[in-house]
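# Inside the fold
Spelled out, the chains give:
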Protein chains: 2
Amino acid sequence: MTPSPGTAASPTGDSVAGLLAEIADIGRDPVRGGYSRPVLSTAELDLREWFIAHAGKRGLDVETDRNGVIWAWHAPSGSREDAVVTGSHLDSVPGGGAYDGPLGVASALVAFDLLAARDLDGDTTRARAIAVFPEEEGSRFGVACLGSRLMTGAITPERALALKDPDGTTYADALRATGGDPRHVGADRAALGRIGAFVELHVEQGRGLVDLDRPVAVGSSILGHGRWRVTVTGVGNHAGTTLMADRRDPMVAAAQLVVAVQRLARGVPDARATVGRLVPTPGGTNVIASRVDLWLDVRHPDDATTLGLVEQVRAAAELAAAEQGCTATMAEESFSSTVDFDPALRDELRAVLPGAPVLATGAGHDAGVLKDHVPAAMLFVRNPSGVSHAPDEHAEDADAEAGAVALAAALEHLLTRGKRGL
Amino acid sequence: MTPSPGTAASPTGDSVAGLLAEIADIGRDPVRGGYSRPVLSTAELDLREWFIAHAGKRGLDVETDRNGVIWAWHAPSGSREDAVVTGSHLDSVPGGGAYDGPLGVASALVAFDLLAARDLDGDTTRARAIAVFPEEEGSRFGVACLGSRLMTGAITPERALALKDPDGTTYADALRATGGDPRHVGADRAALGRIGAFVELHVEQGRGLVDLDRPVAVGSSILGHGRWRVTVTGVGNHAGTTLMADRRDPMVAAAQLVVAVQRLARGVPDARATVGRLVPTPGGTNVIASRVDLWLDVRHPDDATTLGLVEQVRAAAELAAAEQGCTATMAEESFSSTVDFDPALRDELRAVLPGAPVLATGAGHDAGVLKDHVPAAMLFVRNPSGVSHAPDEHAEDADAEAGAVALAAALEHLLTRGKRGL
């Protein structure tokens, strides 16, 4: 494959770096640094409009389905069955990087340009589409991959619509406020059934490709992971007038728990456990908190080990709370088993991308949710910092273009080999 | 004294409970419970308008000085020198109670009604005023009693104007956005010089009056206290892809510090040390924090002991940060020595209010800042819950009226005894 993206070979002249530059000012976070683009925020809605404009410019047929997934179609025969689909997401964690999500979307647009330049319609009538999923990060409503979970029925509409953001707004209210209709949310077998294969390109969230000195990898698996919310309830009071002996301070219990989480996770090889979000209520300097909510993220290749570690954390939470005269409750917000991507599809992509290593990831993705329903695969693009979910997340322009070229090769292979061949 | 407030004896017909009922819907916090009325928020500005309307209804002459302190004057001779001043504040901590601040303002209005009904103008031409101070809690810009500190010169205008709220808005910007003029902020000897005596009525923030079975007390002292901001800086990264051994997680260091603060404070008799506010950045569930800011509130009757405890906390912060591969810095945001109110004024008030016990408080107040410049005193009203800075903060209607009656008696005494008699 020789065409250089962003040159005459691409009908639009767009490069991945150029596309990302267009959205570089959307959703910047002046306090945290990086980007804050929570689902259904002005920033995320602006990014959706940007994507829809680019899809329109390419003559793709755009639809937004009842779960808020945007689809941009090229269907030469009119049929959207057994389609080859790529895509990612546009929402971010608070203060996240520029690449997690948007790199996959921008690469999909450029890959479609490369395919258009090759005029495959003589070789295949198989449809292709770019899908953009909402709330992949779960950074606003707490459940990651919410769009793909709704589509596949992995979460019920009742539970999803009742999820609340930090301001107390439900997902149902947020949908209504932005023109959505909560009544239509839920499992969508028709939408899911059209996907013949799904390939998600993503910036790598570690240093695997840096260490191997390669620009692009094929994904092998996603570490099992889950999120639990711990609520420690004590007695709020004045910081000056309440003696130390009279306190029931949930902040101290929560702090003891955070320390215990590190100790317990260090005791389990390959486990990762994190408290990155902690909210004291009311949160005043001169006020003993009445309640502290904290969120626990736990990951391990073996699901039983993950759940065992979570039970140890639960016991530690109850112990710490009791010691401070408080109470603690713990509720699962989401749990995903370790995902092994389809080995046959993985090996096909390796054959199309000679030299691309195979890497596992500790990060969750919509491809991991779809994988139980359709053949799914991932491509990773080198991240020189190894950092993700932070402003230092990065991909060199040349690596981003190499990623789009690899994605185009993968899509072309899937589009032109025998239908239903997976 | 026999007139019953809220009856024909009060020219306005207002009672303390009735006045507080008028503002019961302003600034309610649906998430935390109670009230969030930060300085210069819509809620606090609405409360200022409410106060100004009530002052106008009483024929008081209202001015807002260059530090944002509202004054409502009754000056029968035209002179505002050597005035007897009462007042409090209208801002609240996040999720605070209904009484901390507004009780003193509402009681001042009713006390002025009682004085008006007595027609003291034949006995004295001494002016009286109600003063409402901004940002007493320091809940938005971090420095408590900001209005009185500016007026007295206890904080420089440069430092005050550069203070930032949690959204990064400076005090200067917030003033400009609400019609204030930052250029005029700063020490105001003329305004301060008019105060002949200051009496602040406040809801008690403990159970002293409950235990003594009395409705109203005279204040003796305010515990020395200060606030320090601790910033722990680590390396933000993805919660799933970063091994436990590779982390430099500031949340764990901050948690170790919170645990240490309790342990250190318990080792110092009479000390109170609190972390009620803690903010991880970026604060995502699936993100290892890059930075954690937390605020330390420390109080002790002996200032040297307070500062010694703070140094122990600083050492603990540095140790915990180093242990996690992070760094910690600690900066004083405010410090106030233990305040003993004027003993002569206190004894005069006790004589006017027979049976009122004398109580110390652990909470800071504008009266404590003014005390170094003018004779100042406080009255406390019984709080059956003993809780403050939380929705459970309370005063019974009858106690609130008793407080206004006591305040009127104190003001009448000060107005009618020999001028400059203090």
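Residue numbers run consecutively from 1 along every chain, following the written order of its sequence. Here chains are named by letter from A upward and ligands by number from 1 upward, in the order in which they appear as written. Reporting of local features is limited, given that this is a predicted model, to residues whose pLDDT is at least 70; pairs of side-chain atoms are given and counted only at 80 or more, and all residues count toward the totals for whole chains, interfaces and linings. With hydrogens and water stripped out, all remaining heavy atoms of the structure feed into the side-chain values.

Before going further, it helps to examine unusual backbone geometry. Across the junction of Thr281 of chain A and Pro282 of chain A, the peptide omega takes the value 5 degrees, indicating a cis bond. In this fold, Pro282 of chain A is placed in the loop between strand S9 (272-281) and strand S10 (287-288). One non-glycine residue, Asp119 of chain B, lies in positive phi territory at about 50 degrees. As for its placement among the helices and strands, Asp119 of chain B is situated in the loop between helix H3 (102-118) and strand S4 (128-133). Classification of residues uses two cut-offs on accessible area relative to the type maximum, computed with a 1.4 Å probe and protein chains only: under 20% is buried, over 50% is exposed, and between them is partly exposed. On the basis of relative accessibility, which here comes to 54%, the residue Asp119 of chain B falls in the exposed class. Counting from the N terminus, the helices are DSSP H or I runs at least four residues long and the strands are E runs at least two residues long.

The next point concerns the relation of the copies chain A and chain B. Our superposition of the copies is a least-squares fit, built on the C-alpha atoms of residues whose pLDDT is at least 70 in both. Superposing chain A onto chain B takes a rotation of 180 degrees combined with a translation of 0.0 Å along the rotation axis, leaving an RMSD of 0.0 Å. What the rotation and shift describe, once combined, is the action of a two-fold rotation axis. By C-alpha distance to the rotation axis, the residue of chain A lying nearest is Ala255 of chain A, at 2.1 Å. Contacts are assigned to residue pairs that have any heavy atoms within 4.5 Å of one another. Both copies contact each other with a shared surface, as 100% of the interface residues of chain A are interface residues in chain B too.

It is worth spelling out the packing of aromatic side chains at this point. Planes of paired rings set the category: under 30 degrees apart is stacked, over 60 is edge-to-face and the rest tilted, where pairs are Phe, Tyr or Trp rings (Trp by its six-membered ring) whose centres lie within 6.5 Å. One pass over the structure, following the stated rule, counts eight aromatic pairs over all chains. Note on Trp71 of chain A and Trp73 of chain A: the rings are 5.6 Å apart at their centroids and 10 degrees apart in plane angle, and the pair reads as stacked. Here the two residues Trp71 of chain A and Trp73 of chain A agree in accessibility, since each one is buried. Taking the centre distance of 5.9 Å and the plane angle of 85 degrees together, the rings of Phe133 of chain B and Phe198 of chain B count as edge-to-face. On the criterion of sequence distance, the pair formed by Phe133 of chain B in strand S4 and Phe198 of chain B in strand S5 (residues 195-203) is long-range, its members being 65 residues apart. Phe198 of chain B sits in the buried class, given a relative accessible area of 0%. Counting as a charge over the ring demands two things of the Lys NZ or Arg CZ atom: a distance within 6 Å of the ring centre and an angle within 35 degrees of the ring normal. Its end group placed over the ring of Phe112 of chain A, Arg128 of chain A keeps NZ or CZ at 5.2 Å from the ring centre. Here the guanidinium or amino end of Arg37 of chain B rests over the ring plane of Tyr35 of chain B, the centre of that ring lying 4.0 Å away.

Frequently, the measure chosen for interface size is the accessible area that the parts lose on association. Residue and element names in this part refer to chain A. Throughout, the edges of the domains are those of an automatic or database domain assignment. Taken as a whole, chain A is organised into domain 1 (16-223 + 338-416) and domain 2 (225-336). A separation of 32 Å is found between the C-alpha centroids of domain 1 and domain 2. Taken together, the contacts link 14 residues of domain 1 with 14 residues of domain 2. Two parts placed together each lose some accessible area under a 1.4 Å probe, and the buried area is that loss summed for both. Taking both sides of the interface into account, the surface hidden between domain 1 and domain 2 amounts to around 1,100 Å²; carbon and sulfur atoms contribute 38%. Polar contact is the term for a pair of N or O atoms within 3.5 Å; when the atoms are in protein, one must be able to donate a hydrogen and the other to accept it, and sequence-neighboring residues count only if both atoms are side-chain atoms. The interface formed by domain 1 and domain 2 includes 10 residue pairs in polar contact (both at pLDDT 80 or more). Looking at the side of domain 1 that touches domain 2 residue by residue, the class counts come to six nonpolar, five polar and three charged. As a working rule, the residues Ala, Val, Leu, Ile, Met, Phe, Trp, Tyr, Cys and Pro are called nonpolar, Asp, Glu, Lys and Arg charged, and the rest polar, with Gly in that last group.

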